[in-house]
Amino acid sequence: MGIDAIKTETLDLGIDVSLLNGKHEEKKGLPPLPGLDGVKVPTFRLAPFPSGPLHIGNARMVILNDEYAKLTNGKLILCFDDTIGTTKKKLDAGASGAKFILPEAYDMIREGLEWLGVEWDEEVYKSDRLEIYNDYCQKLIEQDNAYTCTCTPADFKKFKDGKQPCPHRQLRVSESLEGWRKMIDGEYGEGDAVIRLKTGMDLDDPALRDPVIMRISWAPHPRIGNVNKVWPMLEFSWAIDDHLLGITHIIRGKDLLKEDYIERFIWDIFKWKHSEIMHHGLLSLGFKLSKTRAREKVKAGEYSGWSDPRIWSMQSLEKRGIQPEAIRKTLVDMGISMTDVDFPYKILYAENQKIIDKESDRFFFVEDPVMMEILGIPKEEYIAKPLVNPLVPTKGYREIPIKIQDGSKEIFVSRGDFKTLKSDFRGKMIRLKDLINVILDSTRDERLFARYLSDDLESARNKKAKIIHWVDTDPKNHVKVSIMMADGALIQGFGEKNLLSCEEGQLVQFERFCFAKIQSVNESEIRAFFTH
RNA sequence: GCCUUGUUAGUGUAGCGCGGCCCAGCAUGAAAGGCUCUCACCCUUUUGACACGGGUUCAAAUCCCGUACAAGGCACCA
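Rules used throughout
- Residues numbered from 1 in each chain as written.
- Chains lettered and ligands numbered in written order.
- Predicted model: local features only at pLDDT ≥ 70, side-chain atom pairs only at ≥ 80, totals over all residues.
- Heavy atoms only, no water.
- Buried < 20%, exposed > 50% of the residue type's maximum accessible area, 1.4 Å probe, protein only.
- Salt bridge = Lys/Arg side-chain N within 4 Å of Asp/Glu carboxyl O.
- Helix = DSSP H or I, 4+ residues; strand = E, 2+ residues; numbered from the N terminus.
- Near = heavy atom within 4 Å.
- Polar contact = N/O pair within 3.5 Å; in protein donor to acceptor, adjacent residues only side chain to side chain.
- Nonpolar A, V, L, I, M, F, W, Y, C, P; charged D, E, K, R; others polar.
- Pairing = 2+ DSSP bridges.
- Right-handed = clockwise from strand over helix to strand, strands pointing away.
- Expected span 1.5 Å × (residues − 1).
- Arc of directions from axis to C-beta.
- Contact = heavy atoms within 4.5 Å.
- Axes fitted to C-alpha atoms, helices over the stretch in contact; angles between N-to-C directions.
- Phe/Tyr/Trp six-rings, centres within 6.5 Å; stacked < 30°, edge-to-face > 60°.

J.: Sorry, what's going on with unusual backbone geometry here?
T.: Phi is positive for Asp144, close to 65°, though the residue is something other than glycine. Residue Asp144 is classed as partly exposed on the basis of its relative accessible area of 33%. Positive phi is not limited to glycine here, since Trp312 has a value of about 60°. For Trp312, a relative accessible area of 7% corresponds to the buried category.

The following block contains the structure:
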């Protein structure tokens, strides 16, 4: 028996033919998680800064953690990293690029996580844990592992660059504690003093020399109000919380690589067990993804809102008709590579199409319409009957009736087709899909002139006629359609009348144009978002 | 300037800890053909990569050194 015969047989039996082709679907998924020895409950954490909704880059971190939590039957903690770092002075001045908490972001983030199918077991706010950081900071000072420094940033930089200790490094513990008290009590103002960790001023890496772990901000906190004057730096708060919350595995972007050193340094001081730390590379989309940047563009009115497709927020992807499963698949396939990458959105689209193709009903749509006049049509009425979805024939046919007056008819074709028709198809047969065959006579200005040839598909097939889409020019028989593209541009055209039966949120395919998600439907206009 | 990561086909990734089974796998894209009243889907075929230069070795994508390029840190941002 030949291989083909086997294939046919096995097909009938419903056996996966791909096995015979040697195309074993490679076992997909993440590599095994390291550092599981002696771990009872692998525990992971999501640590979003609530400055805006999750974007695709945040989603990488989120999905990686969630996948591993699910894979290992572990626990996932959502910990809002909502400490305040920026001073009140800076915020009041509206400094550009300043990071701050957006109160709505907490919900937008939860919404994005739920949409992604992330299941977290516990929710924690850093802003509820301020006393804990204060306590541990105090301990570090008492142990002489940290000190109060009142250098200006510029002065400290000089010491740092020269690998020299600043004068405050030699302070007695009691003096540092007194400074610490002044910070807490508000006797020191913003910028007057910080607490530095004694990692060493002679470290090779200047970024690691006696880093700040606590500083002053008098800015009110959107959640807890104005109760606190000192705030921990991210790496310090995490050094404490990763231990206290029992995080066994830290998966974060490689922008946080330097934090590893500081966290481990502190873990060693307190003789805490080290968590396993892993990093993934950062995503870009031809531009740097940033919640803060997005927020500024939304505020400036440059973007239409948090669901503007250019932000690549979960909200915007949902609106576009991207399926969360497709995002998860794409991100998981990328693994935890440390390489920074251009987000492979084409792979995302391919994965998404696999999911939505069968459920997306087909419709005729012509972008930027150009008129075609057809003469010599023998009948007075036609009814085009295209399949609702060729992948699901059981869905049946839709109907597009056309009325002909005095043997002539005007229809719209897309500008794209107009251009190729104009240059390459004069005198040739063209098939108007599911309708009739015509021959293109001439073009004048922005108009095509054609003559009726025949009805049947067969003759069009024989002549290998180009098949194009069309929409009736009769306003009673079409509807205006506008599509928001991925780059924020608005595409306009006409679609077949049947579009009016669509529901909000429905996924459709505009044949030979794109998949789209219907945003709103009414007689005067259909609005949709471009999917891919 | 200092420090740290990273560099596999157009794109994304597998392989690299323990060098040979890798004349490098997969996905996506592109090209051609088939199917099809969509330039969709499906099927077939083709395409194309170990950044560069040295070294170690019988043998290197895998180890070592150097160079280039990229990203990140050197912030009282996260």
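That covers the picture; the talk isn't over yet.
J.: When you look at the pattern of salt bridges in this model, what are you seeing that I'm missing?
T.: Two side chains bearing opposite charge may form a pair once their charged atoms approach each other closely. Counted by the stated rule, this structure contains 46 salt bridges. In this structure, Asp144 and Lys198 form a salt bridge, with 2.9 Å as the shortest nitrogen-oxygen distance. Residue Asp144 is found in the loop between helix 5 (130–142) and strand 4 (146–149), and its partner Lys198 is found in the loop between strand 5 (194–197) and strand 6 (212–216); the two are separated by 54 residues along the sequence. As a salt-bridge pair, Asp333 and Lys329 come within 2.9 Å of each other at their nearest N and O atoms. Of this pair, Asp333 and Lys329 are both found in helix 12 (residues 324–334), 4 residues apart, which corresponds to roughly one turn of the helix. Residue classification places Asp333 among the partly exposed residues on the basis of a relative accessible area of 35%. Taken together, the shared-partner salt bridges connect Asp66, Glu67, Lys70, Glu119 and Arg328 into one network.

J.: Explain the protein's contact with RNA strand B here, please?
T.: Within the structure, RNA strand B sits among 57 residues, and Gly85, Arg431, Lys433, Arg461 and Arg512 are positioned closest to it. In this structure, Asp81 approaches RNA strand B through a main-chain N or O atom, which is 3.1 Å from a sugar or linking oxygen. In the model, a base oxygen of RNA strand B is placed 2.8 Å from a nitrogen or oxygen of the Asp434 main chain. Counting residues per element, the ones that place at least two in the surface near RNA strand B are helix 6 (153–161), strand 5, strand 6, helix 9 (257–269), helix 12, strand 11 (341–342), helix 13 (345–356) and helix 15 (457–462). Looking at the surface near RNA strand B residue by residue, the class counts come to 20 nonpolar, 8 polar and 29 charged.

J.: Sorry if this is basic, but what is going on with the pairing of strand 9 (residues 276–280) here?
T.: The side chains of a regular strand alternate, first on one face of the sheet and then on the other. With 4 of 5 residues buried, strand 9 lies mostly within the body of the structure. By the bridge criterion, 5 bridges tie strand 8 (residues 249–253) to strand 9 in an arrangement that is parallel. Looking at strand 9, one finds that Ile251 is bridged to Met278. Handedness of the strand 8-helix 9-strand 9 crossover: right-handed.

J.: Got a minute to help me understand helix 13 in this structure?
T.: Think of an α-helix as turning once every 3.6 residues; residues three or four places apart then point the same way. For helix 13, with 12 residues, the first-to-last C-alpha span of 16 Å sits near the 16 Å given by 1.5 Å per residue. Every buried residue of helix 13 is listed here: Leu348, Tyr349, Glu351, Asn352 and Ile356. Projected down its long axis, helix 13 shows its buried positions confined to an angular sector of 165°, all on one face. Facing away from the buried surface of helix 13 by more than 90 degrees, the exposed residues are Lys346 and Lys354. Close packing links the buried residues of helix 13 with helix 11 (314–320), helix 12, strand 25 (507–510) and strand 26 (514–522).

J.: Is there a simple way to explain the pairing of strand 14 (residues 370–375) in this structure?
T.: Burial runs high along strand 14: 5 of the 6 residues are buried. By the bridge criterion, 5 bridges tie strand 14 to strand 17 (residues 409–413) in an arrangement that is antiparallel. Note that in strand 17 the partner of Met371 across the bridge is Phe412. As paired elements, strand 14 and strand 20 (residues 447–454) share 5 bridges and run parallel to each other. By the bridge assignment, Ile374 is partnered in strand 20 with Ala450.

J.: Could you clarify how one ought to interpret the sheet that holds strand 7 (residues 230–232) in this entry?
T.: Two pairing modes exist for strands in a sheet, parallel and antiparallel, and in both the strands are linked by backbone hydrogen bonds. If you trace the 4 strands from one edge of the open sheet to the other, you get 4-5-6-7, paired in antiparallel fashion. Single-partner strands in this sheet number two, and they are strand 4 and strand 7. Shown here is a sheet whose adjacent strand axes are inclined to one another by a mean of 20°, direction ignored. Summarising the sheet, strand 5 and strand 6 pair through 3 bridges and their orientation is antiparallel. The residue bridging Ile195 from the neighbouring strand is Met214, located in strand 6. Sheet strands touched by helix 5: strand 4, strand 5, strand 6 and strand 7. Its angle to strand 6, the strand with the most contacts, is close to 120°.

J.: Would you mind showing me how to read the packing of aromatic side chains here?
T.: Working definition: an aromatic ring pair is given by the centre-to-centre distance plus the angle between the planes. Scanning the model with the defined rule gives 13 aromatic pairs in all. Considering the side-chain rings of Phe364 and Trp470, the 5.6 Å spacing of their centres and the 75° angle between planes classify their relative orientation as edge-to-face. Taken together, the residues span a long stretch of sequence, with Phe364 in the loop between strand 12 (361–363) and strand 13 (365–367) and Trp470 in the loop between strand 21 (466–468) and strand 22 (471–472) at a distance of 106 residues. Linked through ring pairs, Phe80, Tyr106 and Tyr125 together constitute an aromatic cluster.

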